[in-house]
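Structural overview
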Amino acid sequence: MSDNSSLIVFSGDLDKAIASFIIATGAVAMGKQVTMFFTFWGLNVLRKDQYVKTKKTFLERLFGWMMPRGTEKLGISKMNYGGLGAWLMRYIMRKKNIMSLKQLIETAKELDVRIVACAMSMEVMGIKEEELLDGIEYAGVATYLAAADDSNINLFI
Amino acid sequence: MSDNSSLIVFSGDLDKAIASFIIATGAVAMGKQVTMFFTFWGLNVLRKDQYVKTKKTFLERLFGWMMPRGTEKLGISKMNYGGLGAWLMRYIMRKKNIMSLKQLIETAKELDVRIVACAMSMEVMGIKEEELLDGIEYAGVATYLAAADDSNINLFI
Amino acid sequence: MSDNSSLIVFSGDLDKAIASFIIATGAVAMGKQVTMFFTFWGLNVLRKDQYVKTKKTFLERLFGWMMPRGTEKLGISKMNYGGLGAWLMRYIMRKKNIMSLKQLIETAKELDVRIVACAMSMEVMGIKEEELLDGIEYAGVATYLAAADDSNINLFI
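Basis of the calculations
- Residues numbered from 1 in each chain as written.
- Chains lettered and ligands numbered in written order.
- Predicted model: local features only at pLDDT ≥ 70, side-chain atom pairs only at ≥ 80, totals over all residues.
- Heavy atoms only, no water.
- Contact = heavy atoms within 4.5 Å.
- Buried area = accessible area lost by both parts, 1.4 Å probe.
- Salt bridge = Lys/Arg side-chain N within 4 Å of Asp/Glu carboxyl O.
- Polar contact = N/O pair within 3.5 Å; in protein donor to acceptor, adjacent residues only side chain to side chain.
- Helix = DSSP H or I, 4+ residues; strand = E, 2+ residues; numbered from the N terminus.
- Nonpolar A, V, L, I, M, F, W, Y, C, P; charged D, E, K, R; others polar.
- Buried < 20%, exposed > 50% of the residue type's maximum accessible area, 1.4 Å probe, protein only.
- Least-squares fit on C-alpha atoms with pLDDT ≥ 70 in both.
- Pairing = 2+ DSSP bridges.
- Axes fitted to C-alpha atoms, helices over the stretch in contact; angles between N-to-C directions.
- Core = buried A, V, L, I, M, F, W, Y, C linked by side-chain atoms within 4.5 Å.
- Right-handed = clockwise from strand over helix to strand, strands pointing away.

**A look at the interface of chain C and chain B**
Taken residue by residue, the interface counts 30 residues in chain C and 25 residues in chain B. With both chains or domains summed, chain C and chain B bury close to 2500 Å², and 78% of this area falls on carbon and sulfur atoms. Across the pair Lys96(C) and Glu123(B) runs a salt bridge, and its minimum N-O distance is 3.8 Å. Linking chain C to chain B there are eight residue pairs in polar contact (both at pLDDT 80 or more). Where the side of chain C that touches chain B is concerned, the elements lending two or more residues are helix H1 (14-29), helix H3 (84-95) and strand S5 (151-156) of chain C. Ranked by residue count, the leading element in the side of chain C that touches chain B is H1(C), at eight residues. Of the residues assigned to the side of chain C that touches chain B, the class counts are 20 nonpolar, four polar and six charged.

Structure follows, in structure tokens:
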């Protein structure tokens, strides 16, 4: 047993996504290897900002259209008020010189945080690889569990 | 210290319940002993589909009537739209031949996952033993903590 | 590596806050040292009931005004119905002689649970030290991670 860290990012909320990347990059700073496993709504955190042309069924297209595309579109888990709350949080973080979620993701990648998208959730939600950020992995729950088994800090966010 | 797994299932959302059983059965496949501790809204995951006659106070009856009864009634944590989102998720999973939550629970039981209902939450929410699935345990937080203490993967879902 | 416990309390919901303190005090009863790290909405759990005069910007004041002040004002994560659900949960717990959140916090402090408020979240949400309960610590993610690294039970609530 080892002392790495693993995070399941199930939530697609801006505030929880920010928390997960702050924990992940903090854990790297402590010398840990970190794996982040994005599943269900968490996949929205990894979506590219721009529209990507893909072959989808009608339902997949509907799902994709209803879900936020990329870090700038995510809402917050409380007091979102149709996006106003999320806008306010982004505004305050920028004013206080705190890294944006986009910058946090970039930093995590540079620090070699393993970013893994859950293949089964992508199947259910009809999200295709070309819609997600470059330089990430695609895998199933076994990959997550192997990383978690090597970790002493495991969180479900 | 051992390397089992334990999950607290606090949420009664369909999507989170599915995630928790996929993790639980996956962990068994890795050779782990798994304990799932269902508390608060998570108890709704374990409710029988059919109505069960019980002696309850008025408030207990009200709570029981407002909360979903069984896996087919659970909503999803985002974009539920009065049950439409949950219906869509069930439909897609069936079409893609992914196990339903009901089947996942059955599988977990066959794999000897320990399913524990939180006695204190049952007291607060007025849920009686006869309303919950057969073959589960009833216990308090000390039982959960003992299982968690023997685990290297502990999640709160 | 040690076998303490650490909890991140991200949520400001009454039900999740109660769960976190029941776990924390239960873990102390098992002989563990427990650290609770309150971040984002979780900070509302630690707010004093009464109004505290502080110097704030307009946005900070707005945020502070919109968020619940103290344990008696928190809502529950499901079926809150504008506070009715939370009121009902408090009522039932009192009738069943279960400790209130306020009493749970007091007990946790007496049991030497470390209660830490996340300094960065306080900055973002404009919450000042004098608005939070006495006898708590203020620190960043590195403090949380050091506690988590010494723990075998780590939860994100």
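After presenting the structure, the write-up continues.
**With respect to the interface of chain B and chain A**
Listed as interface residues are 30 residues of chain B and, on the opposing side, 25 residues of chain A. Taking both sides of the interface into account, the surface hidden between chain B and chain A amounts to around 2500 Å²; carbon and sulfur atoms contribute 77%. Residue assignment for the side of chain B that touches chain A shows that the elements contributing at least two residues are helix H1 (14-29), helix H3 (84-95) and strand S5 (151-156) of chain B. Per-class residue counts for the side of chain B that touches chain A are 20 nonpolar, four polar and six charged.

**Re the environment of Ile18(B)**
Assignment of secondary structure puts Ile18(B) in helix H1. Given a relative accessible area of 1%, Ile18(B) falls into the buried group. Residues Ile18(B) and Lys102(B), 84 residues apart in the sequence, show an inter-C-alpha distance of 9.3 Å. Leaving out residues up to four positions away in the same chain, Ile18(B) has contacts with Phe40(A), Met93(B), Leu101(B) and Leu104(B).

**As for the relation of the copies chain B and chain A**
Of the transformation placing chain B onto chain A, the axial shift is 0.0 Å and the rotation is 120 degrees, giving an RMSD of 0.0 Å. The symmetry that links the two subunits is that of a three-fold axis.

**With respect to the side chain of Lys48(A)**
Residue and element names in this part refer to chain A. Structurally, Lys 48 can be placed in the loop between strand S2 (34-38) and helix H2 (58-66). With a relative accessible area of 17%, Lys 48 lands in the buried category. At 2.8 Å, the side chain of Lys 48 and the backbone oxygen of Glu 130 are in polar contact. Discounting chain neighbours no more than four positions away, the residues touching Lys 48 are Arg 69, Gly 70, Glu 130, Glu 131, Leu 132, Leu 133 and Asp 134.

**A short note on the sheet that holds S2(A)**
Two orientations exist for strands paired in a sheet by backbone hydrogen bonds: parallel and antiparallel. Residues and elements named next belong to chain A. Strand order in the open sheet formed by five strands is S4-S3-S2-S1-S5, with parallel pairing between adjacent strands. A single partner strand is all that each edge strand has here, and the edge strands are strand S4 (137-139) and strand S5 (151-156). The sheet shows a mean angle of 25 degrees between the axes of neighbouring strands, direction not considered. Inspection of the sheet shows strand S1 (residues 4-9) paired to S2 by five bridges, in the parallel sense.

**Structural notes on the nonpolar core**
Core analysis: the biggest nonpolar cluster contains 172 residues, and Phe21(A), Met125(A), Phe21(B), Met125(B), Phe21(C) and Met125(C) have the highest contact counts within it. Once residues within four sequence positions are removed from consideration, Phe21(C) is found in contact with Met36(C), Phe38(C), Val45(C), Leu101(C), Leu104(C), Ile105(C), Ala108(C) and Ile115(C).

**A look at the sheet that holds strand S1 (residues 4-9) of chain C**
Residues and elements named next belong to chain C. The strand order S4-S3-S2-S1-S5 describes an open sheet built from five strands, whose pairing is parallel. Looking along the sheet, the strands with just one partner apiece sit at the ends: strand S4 (137-139) and S5. Across the sheet, the mean angle separating the axes of adjacent strands is 25 degrees when strand polarity is ignored. In the sheet, strand S3 (residues 114-118) pairs with S4 via three bridges, with the strands oriented parallel. Within S4, the residue paired with Ala 117 across the bridge is Tyr 138.

**Focus on the relation of the copies chain C and chain B**
Turning one copy of the chain about an axis and sliding it along that axis gives the other copy, so a rotation and a shift relate them. Mapping chain C onto chain B calls for a screw motion: a turn of 120 degrees about the axis and a shift of 0.0 Å along it, with 0.0 Å RMSD after fitting. Different-surface contact between copies: only 13% of interface residues of chain C are shared with the interface of chain B.

**Quick look at the pairing of strand S1 (residues 4-9) of chain B**
Residues and elements named next belong to chain B. With respect to burial, S1 is a largely interior element, six of its six residues being buried. Neither face of S1 is exposed, since Asn 4, Ser 6 and Ile 8 on one face and Ser 5, Leu 7 and Val 9 on the opposite face are all buried. As paired strands, S1 and S5 are joined by five bridges and run parallel to one another. Within S5, the residue paired with Leu 7 across the bridge is Leu 155. For the crossover from S1 across H1 to strand S2 (residues 34-38), the handedness is right-handed.

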